[in-house]
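Residue strings, one per chain:
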Amino acid sequence: MALLWLHVVLIPVYAVYRGNSLGHAWVEMAPVLMAALVAGFMRLGRVASASVAAAGLVICSGVIVHLSGGMIEAHFHFFVMIPVIAMYEAWAPFTIAVGYVLVHHGVMGTLNSHAVYNHPAARDQPWLFAGVHAGFFAFASAACIVNWWLHEKARESSQSQMGLLSTIVESLRDGLVVIDSQGRILLRNPSGVELMGGLHDDVHEVSGTDQFGLFHTDGNPIAEDDLLHVRALAENRVQDLDLVVRNAGVPDGRVLNFVATPLETSVGDADRDVVVVFRDVTERHRTEQALADALATEQAASEQLRELERVKSDFVSTVSHELRTPITSIIGYLEVLEDGMVGDLDEAQRGIVSRIDRNSHRLLRLVEDLLKLSQIESSTLQINRVPTDLRDVVTASHDAIGWMLENRSLQVDVDLPDQAVELDVDPDELERMLVNLLTNAVKFTPDGGRIGLALGVDDLGATLSVSDTGEGIPESEQNRLFSRFYRSSTATEQAVQGTGLGLTIVQAIVTLHGGAIDVDSGADRGTTFTVRLPRRTARTSAGSEPLAI
């Protein structure tokens, strides 16, 4: 429109310059003025307004040709108007312009050829040259139209892509901010505004730490050089950086996980934009912190428990050692009394002495079990392997429980192979193990029952088994049998004496020998303990280095 009104002013000037009268100039300029008024002041649609303006521009070209006397150079004004009309980006203006050229050059060339053409050939054939001019104008217009069409397609595609990208960015639950190398914010999505708290519409750059209140997770404020876009440009990528944002919008603090990536550009690394994506990891951070605090507390408690265990073990070991001495002395003096070395005892006195002796031995075994437990817990229990015939160990174990079978109606079956079963073991500890198993069998088998003690051998080693026909152990309790101080419900209900340490010591001895122990039991079907000892090459020396648990 500005160009059209400029022609309204300049056409009279040009007319006077070419020697035309001012009246002639105003007559020629009248259609141009009318087109400018209609296109500029009437309420027309975009295409109609563009069409009127385009008609006015090509009329300007025709007027200039008339005023120049058909000068060929003036015809170039038509072609200058083509890119101007192309800016309207509509089909109708081009059609009007091509039609006007054809009609104007044909009609005016016929009526007044000197006003259109300044050479004889054109004046003789005005419609031919009108068609030539219109053709050139049409081809030039077509080129502009194709260019406009391609531009339109590209713009539509770009708008579609931008719309899709905008929809994606707007719908992201993670925050997204694009920052240029100077710290200016180019783009941010609603989630980014919400998560950052202080990131409002009036914030247009990241100039320091005051904008968002960013802190490291240890509480220290983030330095200027640690800002995400600065680090990303320096390191090419910043990934999985946890920062705390604390500002007026997030007074209690919020932990965000950031990933910053510079965009590729041909301008130069220093001028690259940076895409920053972040998400809220406050709950994860709190959970991790709670777990770390719980772990620290657990470690402290565990250390305290270990210290208590050590103190307890030291106490048990000290007390047991101190108790064993007087108990041993009592047993010794009881033997003196029983042997009559200080005078003969009558039957009543012998019965009392026998009970004292029996309970003293029981107390001594309890003290020895406590000492053994202390060695197990402190990992100082050791064995001394020597070549041993396991038949001798089984026989000794059977003899050791002979006193328990007195006044009991129990059948004890011992099954031993005819050939020697020699393994490299600690005979004293194996005897202790078998005595503990046999003691349990005697305690939990009612009179009239049977106890079995068997020794077997195969290519892999030896097998020791102790079985009974007692009430058995419920399956739900079998996984706790080897826990220290554990007593089964059967022992509790029947008030069977014991400390719950026997099977713990049994398992420790078996483990030190590299073996394994299994239990097969059930209510009302008895119990069988099976110990498997691996075969080892018998040593020729009388002893061996002790093995610690």
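This is a predicted model, so every value here is computed, not measured.

(A) Region of the structure containing the overall build of the chain. Assigned secondary structure in the chain consists of 16 helices and 15 strands. Counting over 549 residues, the chain shows a buried share of 38%. Working note: accessible area of the chain is about 30200 Å², and carbon and sulfur atoms make up 56% of it.

(B) A look at the confidence of the model for the chain. In this model, the chain carries a mean pLDDT of 78, and residues with pLDDT of at least 70 account for 79%. Note that residues 537-549 has pLDDT below 50 and, in this model, 31 contacts with residues that lie over four places away or in other chains.

(C) Here's a closer look at the sheet that holds strand β14 (residues 527-534). Here we have five strands laid out as an open sheet, ordered β9-β11-β12-β14-β13, and mixed in their pairing. A single partner strand is all that each edge strand has here, and the edge strands are β9 (411-415) and β13 (516-521). Neighbour to neighbour, the strand axes of the sheet diverge by 10° on average, direction disregarded. Bridge analysis of β13 against β14 gives six bridges, and the strand direction is antiparallel. Within β14, the residue paired with S521 across the bridge is T527. Strands in contact with helix α14 (residues 427-444) are β11 (450-458), β12 (461-468) and β14; relative to β12, the strand with the most contacts, it is inclined by about 25°.

(D) Summary view of the side chain of T527. If you trace the backbone, T527 turns up in strand β14. By relative accessible area, T527 is classed as buried at 5%. There is a polar contact of 2.7 Å between the side chain of T527 and the side chain of S521. Contact partners of T527, with chain neighbours within four places excluded, come to V466, S467, D468, G472, I473, V519, D520 and S521.

(E) Just the pattern of salt bridges, in detail. For the coordinates displayed, the defined rule picks out 12 salt bridges. The shortest N-O distance in the salt bridge between D389 and R391 comes to 3.2 Å. The exposure class of D389 is buried, given its relative accessible area of 14%. Given a relative accessible area of 22%, R391 falls into the partly exposed group. Linked through salt bridges whose partners overlap, the residues forming this network are D242, R284 and E288.

(F) Expanded view of the sheet that holds strand β5 (residues 254-262). Read across the sheet, six strands follow the order β2-β1-β6-β5-β4-β3 without closing on themselves; strand pairing throughout is antiparallel. The open sheet has two edge strands with one neighbour each: β2 (185-188) and β3 (214-216). Neighbour-to-neighbour, the strand axes of this sheet turn through a mean angle of 35°, independent of strand direction.

(G) Representation of helix α1 (residues 2-17). Its 16 residues place the ends of α1 23 Å apart at the C-alpha level, agreeing with the 22 Å of an ideal helix rising 1.5 Å per residue. Helix geometry: α1 is bent most strongly at L10, by close to 30°, with proline P12 lying one to four residues after it. L4, H7, V8, I11, P12 and A15 are the residues of α1 that are buried. Looking one or two residues beyond α1, the residue adopting positive phi is G19, at roughly 90°.

(H) Region of the structure containing helix α16 (residues 502-512). The buried fraction of α16 amounts to nine of the 11 residues, a majority that puts the element mostly inside the structure. Within the span of α16, buried status applies to G502, L503, T504, I505, V506, A508, I509, V510 and L512. Once α16 finishes, G514 follows within two positions and takes phi at roughly 75°, a positive value.

(I) Quick peek at unusual backbone geometry. Non-glycine residue D240 carries a positive phi angle of around 55°. By secondary structure assignment, the location of D240 is in strand β4 (residues 238-245). The backbone of N407 shows a phi angle near 65°, a positive value even though the residue is not glycine. In this fold, N407 is placed in the loop between α13 (402-405) and β9.

(J) Expanded view of the packing of α14 against α16. In contact at an axis separation of 9 Å, α14 and α16 are set at 145° when each is read in the N-to-C sense. Considering how the two elements wind past one another, α14 and α16 form a crossing that is left-handed. Packed against α14, whose contacting residues are E429, L430, R432, M433, N436, L437 and N440, the element α16 presents G502, L503, I505, V506, I509 and V510 at the interface.

(K) Spotlight on the nonpolar core. With 40 residues, the main nonpolar core has L390, L430, M433, L434, L464, F529 and V531 as its most contacted residues. Counting residues per element, the ones that place at least two in this core are α12 (390-400), β10 (422-425), α14, β11, β12, α16 and β14. For this core, the element with the highest residue contribution is α14, accounting for eight residues. Residues in contact with M433, not counting those within four places in the same chain, are L464, V506, I509, V510 and V531.

(L) Up close: the pairing of strand β6 (residues 274-280). Pairing of strand β1 (residues 175-179) with β6, which is carried by five bridges, proceeds in the antiparallel orientation. When the sheet's bridge partners are listed, L176 is paired in β6 with V277. Relative to β6, β5 is paired through seven bridges, and the arrangement is antiparallel. When the bridges of β6 are listed, V259 appears paired with V277.

(M) Spotlight on the packing of α1 against helix α2 (residues 22-41). Where α1 meets α2, the closest approach of the two axes is 9 Å, and the angle between their N-to-C directions is 180°. On the basis of their axis angle, the class for α1 and α2 is roughly antiparallel. Across the interface between the two elements, L4, W5, V8, I11, P12, A15 and V16 from α1 touch L22, A25, M29, V32, L33, A35, A36, L37 and F41 from α2. Across the contact of α1 with α2, the residue classes tally to 16 nonpolar, no polar and no charged.

(N) Fine view of the packing of aromatic side chains. Taken as a whole, this structure holds one aromatic pair when the rule is applied. Relative to F278, the ring of F258 has its centre 5.2 Å away and its plane inclined at 40°; by these criteria the two rings are tilted. Remark: F278 occurs in strand β6 and F258 occurs in strand β5; sequence separation between them is 20 residues. Between R246 and the ring centre of F215, over which it is positioned, the NZ or CZ distance is 5.3 Å.

(O) Layout of a nonpolar patch on the surface. Where nonpolar side chains cluster on the molecular surface, the patch consists of L3, L6, V9 and L10 and spans about 330 Å² of accessible area. The topology assignment puts L6 in helix α1. Exposure remark for L6: the relative accessible area of 44% places this residue in the partly exposed category.

Rules used in this analysis
- Residues numbered from 1 in each chain as written.
- Predicted model: local features only at pLDDT ≥ 70, side-chain atom pairs only at ≥ 80, totals over all residues.
- Heavy atoms only, no water.
- Helix = DSSP H or I, 4+ residues; strand = E, 2+ residues; numbered from the N terminus.
- Buried < 20%, exposed > 50% of the residue type's maximum accessible area, 1.4 Å probe, protein only.
- Areas by Shrake-Rupley, 256 points an atom, 1.4 Å probe, with all protein chains shown as cover.
- pLDDT = per-residue confidence, 0-100.
- Contact = heavy atoms within 4.5 Å.
- Pairing = 2+ DSSP bridges.
- Axes fitted to C-alpha atoms, helices over the stretch in contact; angles between N-to-C directions.
- Polar contact = N/O pair within 3.5 Å; in protein donor to acceptor, adjacent residues only side chain to side chain.
- Salt bridge = Lys/Arg side-chain N within 4 Å of Asp/Glu carboxyl O.
- Expected span 1.5 Å × (residues − 1).
- Bend = angle between axes of the 7 residues up to and from the residue.
- Left-handed = near helix turned anticlockwise from the far one by under 90°.
- Core = buried A, V, L, I, M, F, W, Y, C linked by side-chain atoms within 4.5 Å.
- Parallel < 35°, antiparallel > 145°, perpendicular 65-115°, else oblique.
- Nonpolar A, V, L, I, M, F, W, Y, C, P; charged D, E, K, R; others polar.
- Phe/Tyr/Trp six-rings, centres within 6.5 Å; stacked < 30°, edge-to-face > 60°.
- Lys NZ or Arg CZ within 6 Å of the ring centre and 35° of its normal.
- Patch = residues over 30% accessible without salt bridge, like charges linked within 9 Å, V, L, I, M, F, W, Y side chains within 5 Å.

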